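Here are the chains, one letter per residue:
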Amino acid sequence: MASLLYQTIEGLSREKGIDPQIVVSAVEDAIVVATRKYYKSQENLRAELDKESGAIKAFAVKTVVETPEQIEDPNLQITLEDAKKVDPSVEAGGEVRFYKATDVLGRIAAQLAKQVIFQKVREAERDTVYNEYIGRVGEIVTAMVKRTEGPDVIFEVGKTEARMGRKEQSRLESFAVGERVKVVIGRVEKSSKGPQVVVSRAAPELVQHLFQTEVPEIYDGTVVIRAIAREAGERTKIAVMSKDKDVDSVGACVGMKGMRVQSIIRELRGEKIDIIEWHDDPVSFAEKALQPAKVARVSMVEGGDKHLEVIVDDSQLSLAIGKKGQNVRLAAKLLGWKIDIKSEEEKRQEVELQMQALVGSSNTPLDRVEGLGEGIIEKLIEAGVTTVEALADMTPEQLEAINGIGPKTVEKISIAVNNYFSSLEAGEAAVEEGAEAAAEEPAAAEEEASEAASPEAEEATATEETVESAPEGVESAPAADAAEGPTESDELPAGEAPASKEPEELKSEDSAEK
């Protein structure tokens, strides 16, 4: 039958959840420490607990050597001859025990032993707790609120205490002592005070567990949760995918009239939940993840590692970004991509700046401007203004802030710069007019050359002249007859006109011909 001391040790072990042998070893070590302190000995001391009687024996152990010359430390070694006086059956290389009286240790030694026992038991308890919970990180457990310490909440989880800091809590939640809630084992910390189990109500695993509990399709694997992004107390985005084409993944999570998702929202004290259908294409997935905002277009940024550029209408920009950037931040966590959101106006301005950069900006030195003296140019260069373009962008107040430049000098600079740009514009206009004139002259010359080279145009001109020179009432000869040879008028002497026929004669000639 076990002694009362050993029964007490077994009860303590069950309460702390540790091995009884650990407590026995702690008691034996405590007796060794007390014995060494009392006898002030440097010997190799050991202790042994008898389970049946409950007696604790302390003794010094010495190793047996054959000759005195082999002894290096008399406290640890003994010759074979001396050892046989204590134990006749001992051999060289064995050990001999020299028992010490423990009933003389006194109150101080007992107090020291007590401290050693408590310390050993605490260390064993810490190791037991650490080994138990280190493999359960991410597991959902039901814990009872034990007390609050400032912003932290202390839970009772099994036989140990767990702490939930402010960062692991939802701002919508408050707890009462004795309340039972579901928590996630976040991590197990090993510190000087012992292992500390840290639990959380802000972890995404809590939402995943709640969906598995409420949605049978997720529990049996028909619907799979692919990604979760959460900001506790604010909003959660969850991406789901169906393995069965006949099962709507989003509808299964929402439930009839939203009953399933509403029960989860109640468990999370009113936290908003967005359920999104998973897409392998990041562009299509980004459009879904940024809901409720309407996206105009999504494009991948070239040269960027998982980088998307999203363009939205100007009226949708604030909705796409969300309160304090929450919507786009959660969408980026859900995708695992970096997302840049721009409005149509911002994108247009960006494109214009890129076009200007491609065209290139001129850098005209200050000495090209007439009217600026060397002294003014030196002052401007000292102030960091080295080009005409930079000078033109400066305000009068900025110019006056330069050492050595006053209002009159500012006015002089303004006139010189205006004259410079006016001369540039005039020169550009003259160049454009010259180019237009040069382009028109070859066209006019070609047109005149083509008209002069056309024989039909010459004949038409000659015919028109003949018709115009004929008197009224006289029919003009056809152009073909005119081209055959000289007319009667050509054979008459100069200064004589041909006789014209009267109308009666013309009529008689016509009848004779008939």
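Treat the numbers as computed from the prediction; the structure is a model and nothing was measured.

A. Inspection of the sheet that holds strand β13 (residues 295–300) at higher detail. Taken in spatial order, the three strands of this open sheet run β13-β14-β15, and their pairing is mixed. Looking at the sheet topology across the chains shown, the edges are occupied by β13 and β15 (338–343). With direction set aside, neighbouring strand axes in the sheet form an average angle of 20 degrees. For strand β14 (residues 307–312) and β15, the ladder comprises six bridges, and the chain directions are parallel. Note that in β15 the partner of Leu308 across the bridge is Ile339. Of the strands in this sheet, β13 and β14 touch helix α9 (residues 282–289), which is tilted by about 145 degrees from β13.

B. View of the sheet that holds strand β11 (residues 235–242). Taken together, the three strands give an open sheet; going across it, the order is β10-β11-β12, and neighbouring strands pair in mixed fashion. Edge positions in the open sheet fall to β10 (223–231) and β12 (272–277), since each of these has one partner strand only. Within the sheet, the average angular offset between the axes of one strand and its neighbour, ignoring direction, is 20 degrees. Strand direction decides the pairing type here: β10 and β11, joined by eight bridges, are antiparallel. The partner of Ile225 across the bridge, within β11, is Val240. Of the strands in this sheet, β10, β11 and β12 are in contact with helix α5 (residues 204–214), which crosses β10 at around 140 degrees.

C. The arrangement of the nonpolar core in detail. One finds Phe285, Val310, Leu334, Leu335 and Ile341 to be the most contacted residues of the largest nonpolar core, which totals 25 residues. Residue contributions to this core peak at five residues, all from helix α11 (residues 326–335). Excluding residues within four positions of it along the chain, Leu335 makes contact with Pro282, Phe285, Ala286, Ala289 and Leu308. With 22 residues, the next largest nonpolar core counts Leu210, Ile228, Ala252 and Ile273 among its residues.

D. View of α9. Looking at α9, one finds that the buried residues are Pro282, Val283, Phe285, Ala286 and Ala289. All buried residues of α9 fall inside an arc of 160 degrees around its axis, so they share one side. Next to the buried residues of α9 lie β11, β12, β13, β14 and α11.

Cut-offs and rules
Residues numbered from 1 in each chain as written. Predicted model: local features only at pLDDT ≥ 70, side-chain atom pairs only at ≥ 80, totals over all residues. Heavy atoms only, no water. Pairing = 2+ DSSP bridges. Helix = DSSP H or I, 4+ residues; strand = E, 2+ residues; numbered from the N terminus. Axes fitted to C-alpha atoms, helices over the stretch in contact; angles between N-to-C directions. Contact = heavy atoms within 4.5 Å. Core = buried A, V, L, I, M, F, W, Y, C linked by side-chain atoms within 4.5 Å. Buried < 20%, exposed > 50% of the residue type's maximum accessible area, 1.4 Å probe, protein only. Arc of directions from axis to C-beta.

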